[in-house]
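Summary of structural features
Chain residues, written in single-letter form:
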2 protein chains.
Amino acid sequence: MSLKGYTFSVVEAAIKKPGRKDLALIFSETPATAAAVFTTNAVKAAPVLLSAGRIAGGKAQALVVNSGNANACTGAQGMLDARETSRLLAAGLGIAEELVQVSSTGVIGVPLPMERLRNALPGLVAGCGSATIDDLAAAIMTTDTFPKAVQRTGCAAGVSYTVAGVAKGAGMIMPNMATMLSFVMTDAALAPELIDTLFRGAVDRSFNAITIDGDTSTNDTCLLMANGAAGTAVITAGSPEAEEFARLLDEVLLELAKLIVRDGEGATKFVEIRISGAASDADAKQAAMAVANSSLVKTAFFGQDANWGRIFAAVGYSGAKVDPDLLALWFDDVCMARAGVFSGGDAEAQGTEVLRKKEFRVQVDLGLGQGSATVYTSDLSHEYVSINADYRT
Amino acid sequence: MSLKGYTFSVVEAAIKKPGRKDLALIFSETPATAAAVFTTNAVKAAPVLLSAGRIAGGKAQALVVNSGNANACTGAQGMLDARETSRLLAAGLGIAEELVQVSSTGVIGVPLPMERLRNALPGLVAGCGSATIDDLAAAIMTTDTFPKAVQRTGCAAGVSYTVAGVAKGAGMIMPNMATMLSFVMTDAALAPELIDTLFRGAVDRSFNAITIDGDTSTNDTCLLMANGAAGTAVITAGSPEAEEFARLLDEVLLELAKLIVRDGEGATKFVEIRISGAASDADAKQAAMAVANSSLVKTAFFGQDANWGRIFAAVGYSGAKVDPDLLALWFDDVCMARAGVFSGGDAEAQGTEVLRKKEFRVQVDLGLGQGSATVYTSDLSHEYVSINADYRT
C-alpha cells in the first residue's frame, strides 16, 4: 500500500515550545484536484480565509500547516503572516502561490512567531520526502495523545490506488468542524465536478457526526487532494468507480473521526449515540447532538451511572419533536426504558454493566417516524477539566 | 419584616435517603392569586403537567414539594402518584384539590415511594406553622450546598407588604428554567390580569438569564402566590404600585438566581457575561449564552487562564451576527482585545489578575448595534464532574 506522488516534510520551528516538530508540509508532484470544508464559525482564522479563497479554484499542490498557534483573532497582521508563509513556501517549491493551502492550529489570539517560521521554512522545503505520513500526523498534534493516520486501497478499472488521511483534534470537537484538521490524499484521478460533492457528503457523515464538547473552532479545515499519480482513469460522477471511491473515502474519514473521539480530551469512554424513530433525519441528528453534548449525560458516562433519565431530559430539550410516552432507550442491547418509563427488573444492573465498558452504544427510539442519525462522543472527565484549565500554561 | 398569611411545614419522608427533611408545604390562609412558569422541556415531570393545568385557573392555596425524586419519566403511575399526593394534602388541609400545586425534584425515572409519602403527609399537615422560610429553603435542596431565601419589603398606598422567595438548583441550570424550583410569596394583593405578565417578565430577567451547564430539566417550576394578607389595596396594571412591586419582584428573583449560580455545582467563580453592541437583544442573549455555556471558556475560568480567544470563538459560533474585526473584550475594566485583536502590553497580566478573583465580569462588544444582554454563570471545575458522575450513588 503506497500513496503515489505525494511527499512530506516536518521540522521543528519552536512555534509554541521547543522540542517537537510543529511545522509540516504536504507536497504533490503535480497540481491536484482539490476540495475543502472549513469551519462554520463566524470568527475564522486567517489561514482559513486565505485557503478558502484559493480552494475555489479547485486545485492545490502543497499544504503547509503549523501546530501551536492558530493565527486566529490576529487581525490584519494574521492575514499578512499567512500570506507571507505561503509566498515563501511557494517560492521554495517553485509553484504558484495560489496552489498553496495554509493551515494552523493552537492557541488563539497570539501573532504567529514569523521570525521562527521564516527560519524554518527553507528546511521544511529541503526536507521534502524525508518524512512519513505518520510523521505528518504527529506534527499536527496539539493536545492529541496519539497521531491519527488511516489508509485504504481501492481499484479503478484494474488500476489500484490509495486513499490516505491524517487528522488532529481532541477537544473543541463539534459538528460543522471543530479545532480539527484533516488532510486526505489520494493518488486516484477525480473529476473536478465530482470531488466537492463527494467530499462534503463524506465530511457530513464523519467529522460532522462527532462531538466532544460542543465548541466549534475558528480553524477547522478538512482538505482532499487527488493527484492521479496512481494512473487511474479519471473517476467521474455516477460511475461504479465513483461509488467505490466514495465508500473508501467514507471509511477513511469515519475512522479518522472516531480516532478523534477516542482521543477526546480526558475521554475514558467511546460512545455511539443512535437516535431512531424520529420525525425526520434532521430531528434525529438534533436529538443525538443534544444527548452527546449534555454535560450531565457525559459526566454520568464517566461515573458509569446508568442515569437514563438525563438522556430523556436531553432529548426533551433538544428541539426535536418528542412524545415522552413513546420514548425507548437501550444501552447496547439492554432496554432501559420503554413507553417513557423505566424497564425495571434487571435493567439497572445490566445497564450499569454496559456503562462499565470502554465502548458502548446508547440508542433512543422516539417512536414517531423513520428519521435516524448516529453520532459519536466521549464522556466528560476530571481530566478534560485539567487539560482545558491549563491549556495555555 | 414578616410575610403575612402564609405558614410552612417540613418533614422527613425518607424519599431518597433518611436523615433530612425532604417534604415541604407552603400554605396560604386564603386562596392566593397565582402564576407559574414551567420547564420548556418536551419531557415534563408529572407534577409539572398536573400543576400547569391547575395554575391556568389563576389561583393556588398550597404547594407540596418533595426533594430526592423528580417523579419524571414515570409514566401513568407518576401522574397517579402526583394526583394522590395532592388529594391527600387537600383533604388534610380542607381545601379544594385544584388549589394544590405539586412540585418534585431529584432523580429522574424512579417511581415516587408513595407508601412513605402517605405516611409523611399527615405530619406535614399537622406541622403547619412550625417551620420557617429558611426551613422551607433547606428542605427543597438536592445538590445545593446552602439554602436560598430572599425577602424584600415594599409599600403600597401606605400599607407595607413583603415579597419573599426560596429557590433550589445547582446544576442543570439553563434558561427557560432548569432543575430549578423557586416559590415566591407576597402578602400584597395583585390583580389577576397583572400577575402573569409581571411574573413572566421577572423570570426572564432572572432565572432565564443564568446557566451552569446548558441542561434544561424536566421539573423546573417557578410559582408566585399573592394572598393580599398584608391588607394592601389590589395592585393593578399601570399603577405606580405595580411598578414598585415589579421592581421588588425583580430584585428577589435576580438575587435568588444569582445565589443559584454561586452555588453552581463545583463552582469556584461567579461570572457576569455581558454582550453589548449586538444587532439585537436576541442576538446579544444568544451570544452571551454561547459564551456562558462553552465548556472551553468555563474550564479556562476555572484555570484562571485569560484565554480570550475562546470567548471570541464562542461568540463566533453562537449564531449571532458577528463581524470578527469589530469585536472588543473586557475582563472587568481591562480591555483584552479591540477590533478583533489582542490589546497586547499589560493586558495579559492584568486580565489574569481579574480572573483570579472569585467574581468578575466579561464583556464583549460586537460593534454592530444597540442590542445587549447580561447572563450569569459559573466556571467548570473538577468538582462539577465529581458531583455529577456520582449523583445517584
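Remember, it's a predicted structure, so these values are computed and weren't measured experimentally.

This part is about the pairing of strand E3 (residues 59-69) of chain A. Residue and element names in this part refer to chain A. Counting buried positions along E3 yields 10 of 11 residues, so the element is predominantly enclosed. For strand E2 (residues 23-38) and E3, the ladder comprises 7 bridges, and the chain directions are antiparallel. When the sheet's bridge partners are listed, Thr-33 is paired in E3 with Lys-59.

Let us look at the sheet that holds strand E12 (residues 334-338) of chain A. Residue and element names in this part refer to chain A. One open sheet accounts for 7 strands, arranged E8-E15-E10-E14-E11-E12-E13; its pairing is mixed. Where the open sheet ends on each side, the last strands, each with one partner, are strand E8 (210-211) and strand E13 (341-342). Looking at chain direction, strand E11 (residues 328-331) and strand E14 (residues 359-365) are connected through 4 bridges and run antiparallel. From the neighbouring strand, Ala-328 faces E14, where its bridge partner is Asp-365. Sitting on the sheet, helix H6 (residues 240-262) is in contact with E8, strand E10 (270-278), E14 and strand E15 (371-378), with an inclination near 45 degrees to E15.

Moving on, we get to the confidence of the model for chain A. All names here are of chain A. The share of residues in chain A with pLDDT of 70 or more is 93%, and the mean pLDDT across the chain is 90. Ranking the helices and strands of chain A by mean pLDDT puts strand E1 (residues 6-11) first, with 98, and helix H11 (residues 382-389) last, with 66. Note on residues 172-178: pLDDT is under 50 here. Beyond four places in sequence and across chains, it has 49 contacts.

For the rest of this paragraph, the subject is the domain arrangement of chain A. According to the domain assignment, chain A contains domain 1 (6-262) and domain 2 (270-389). The C-alpha-based centres of domain 1 of chain A and domain 2 of chain A are spaced at 33 Å.

What follows covers helix H5 (residues 192-205) of chain B. Every buried residue of H5 of chain B is accounted for by Leu-194, Ile-195, Leu-198, Phe-199, Gly-201, Ala-202 and Val-203 of chain B. The elements touched by buried residues of H5 of chain B are strand E2 (23-38), strand E9 (221-226) and helix H6 (240-262) of chain B.

All names here are of chain A. Taken as a whole, this structure holds 10 aromatic pairs over all chains when the rule is applied. For the pair Trp-308 and Phe-342, a centre-to-centre distance of 5.7 Å together with 5 degrees between the ring planes defines the contact as stacked. Highlighted residues: Trp-308 in helix H9 (residues 308-317) and Phe-342 in strand E13, separated in sequence by 34 residues. Take Phe-342: its relative accessible area is 26%, and that puts it in the partly exposed class. One aromatic cluster is present, formed by Trp-308, Phe-312 and Phe-342 through successive ring pairs. Here the basic side chain of Lys-148 rests over the ring of Phe-146, its NZ or CZ set 4.5 Å away from the ring centre. Positioned over the ring face of Phe-270 is Arg-262, at 4.1 Å from the centre of the ring.

Rules and cut-offs
- Residues numbered from 1 in each chain as written.
- Chains lettered and ligands numbered in written order.
- Predicted model: local features only at pLDDT ≥ 70, side-chain atom pairs only at ≥ 80, totals over all residues.
- Heavy atoms only, no water.
- Buried < 20%, exposed > 50% of the residue type's maximum accessible area, 1.4 Å probe, protein only.
- Helix = DSSP H or I, 4+ residues; strand = E, 2+ residues; numbered from the N terminus.
- Pairing = 2+ DSSP bridges.
- Contact = heavy atoms within 4.5 Å.
- Axes fitted to C-alpha atoms, helices over the stretch in contact; angles between N-to-C directions.
- pLDDT = per-residue confidence, 0-100.
- Domains from an automatic or database assignment.
- Phe/Tyr/Trp six-rings, centres within 6.5 Å; stacked < 30°, edge-to-face > 60°.
- Lys NZ or Arg CZ within 6 Å of the ring centre and 35° of its normal.

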